[in-house]
Amino acid sequence: MVQHPQETYLYDPSLLLKLDFHRTPATFKPFISAANPGEPWMKVRPLKDTDYDRGFLQLLSQLTHVGNVNRTQFLTRFSQMKASGDYFVTVIEDTRKNEIIGAASLVIERKFIHNCSVRGRLEDVVVNDTYRGKQLGKLIVVTVSLLAEELGCYKMSLDCKDKLIKFYESLGYVLIPGNSNSMTIRYDEGTPLKRNATSASSSSSTGAGGDSCQTVSLDFAS
Ligand SMILES: CC(=O)SCCNC(=O)CCNC(=O)[C@H](O)C(C)(C)COP(=O)(O)OP(=O)(O)OC[C@H]1O[C@@H](n2cnc3c(N)ncnc32)[C@H](O)[C@@H]1OP(=O)(O)O
């Protein structure tokens, strides 16, 4: 087993203990929270620099294309995220197996508007497929959503496929009438012009072809 004498959290783990899970409209049966996820072997915590060895990237590959990210690349990106102070990658660990089984990222966007306020973006939500249907998706999304409010965000948004709208609505996110479209330019697939020139071989790495995507928001001000 790999030894980890000194581990670094991406952000202060005590932030997660402050979150009041009674504030969420989500229904947990039985009731669970980040501090008490329901099993002694389960831990909700910030990403650690040692999670490269706990299958964090393998878990993300159940969400989208990850690529061959080596340890140095992982540690460099981790350090950059930590230094910025605006990345709150949060994970669920199965401590029996030393394995990351769920993850979601809160990214803080600094604004001039709303009196130099901050908003949150929910990104990269995934639960290991053998652990799905056990409330862990709700647990990790509610955790980072409450964290966004705790950090002073005036709202939190995410983009998702249509089939997940109900899941996020059950957690308090709403489609804003007339303002819930998700628009994208992809720079990793080439424009049609470039494709002709390069006969680009890349296809959508997310497997999202044909699936429409919408933006749902959680408004802390209302
Ligand atoms: C912002 C983003 O990152 S969007 C990308 C979301 N991630 C993915 O699509 C990656 C692949 N999918 C997954 O990892 C998981 O299916 C998740 C994260 C979407 C859900 O995780 P789970 O642990 O299975 O969710 P959980 O057990 O908490 O289910 C909560 C509820 O949502 C429902 N639900 C879960 N997944 C889905 C789905 N794919 N489609 C529709 N409903 C769903 C469940 O039926 C459940 O309903 P209930 O509370 O009435 O019983």
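Refer to the preceding data block for the structure.
If you're wondering where the values come from, they're calculated on a predicted model, not measured in any experiment. (Residues numbered from 1 in each chain as written. Predicted model: local features only at pLDDT ≥ 70, side-chain atom pairs only at ≥ 80, totals over all residues. Heavy atoms only, no water.)

Another aspect to go through is the sheet that holds strand 1 (residues 42–46). The strand order across the open sheet formed by 6 strands is 1-2-3-4-5-6, and the pairing between neighbours is mixed. Strands with a single pairing partner mark the edges of an open sheet, and in this sheet they are strand 1 and strand 6 (213–219). This sheet shows a mean twist of 20 degrees between the axes of neighbouring strands, independent of strand direction. Two strands pair when backbone bridges link them, and strand 4 (residues 118–127) and strand 5 (residues 153–161) are joined in this way by 3 bridges, in the parallel orientation. By the bridge assignment for strand 5, Val 118 is matched with Cys 153. Relative to strand 2 (residues 87–94), helix 5 (residues 136–150) is tilted by about 150 degrees, and along the sheet it contacts strand 1, strand 2, strand 3 (99–110), strand 4, strand 5 and strand 6. (Pairing = 2+ DSSP bridges. Helix = DSSP H or I, 4+ residues; strand = E, 2+ residues; numbered from the N terminus. Axes fitted to C-alpha atoms, helices over the stretch in contact; angles between N-to-C directions. Contact = heavy atoms within 4.5 Å.)

Let's shift gears to the pattern of salt bridges. Inspection of the entire model under this criterion finds 14 salt bridges. Ionic pairing is found between Arg 23 and Glu 149, a salt bridge with its closest N-O pair at 2.6 Å. In this pair, Arg 23 sits in the loop between helix 1 (14–17) and strand 1 while Glu 149 sits in helix 5, placing the two residues 126 residues apart along the sequence. By relative accessible area, which is 53% here, Arg 23 ends up exposed. Here Arg 186 ties to Asp 188 by a salt bridge, and the two come within 2.7 Å at their closest N and O atoms. By relative accessible area, which is 47% here, Asp 188 ends up partly exposed. Taken together, the shared-partner salt bridges in this structure form one network comprising Glu 7, Arg 45, Lys 48, Asp 51, Arg 54 and Glu 93. (Salt bridge = Lys/Arg side-chain N within 4 Å of Asp/Glu carboxyl O. Buried < 20%, exposed > 50% of the residue type's maximum accessible area, 1.4 Å probe, protein only.)

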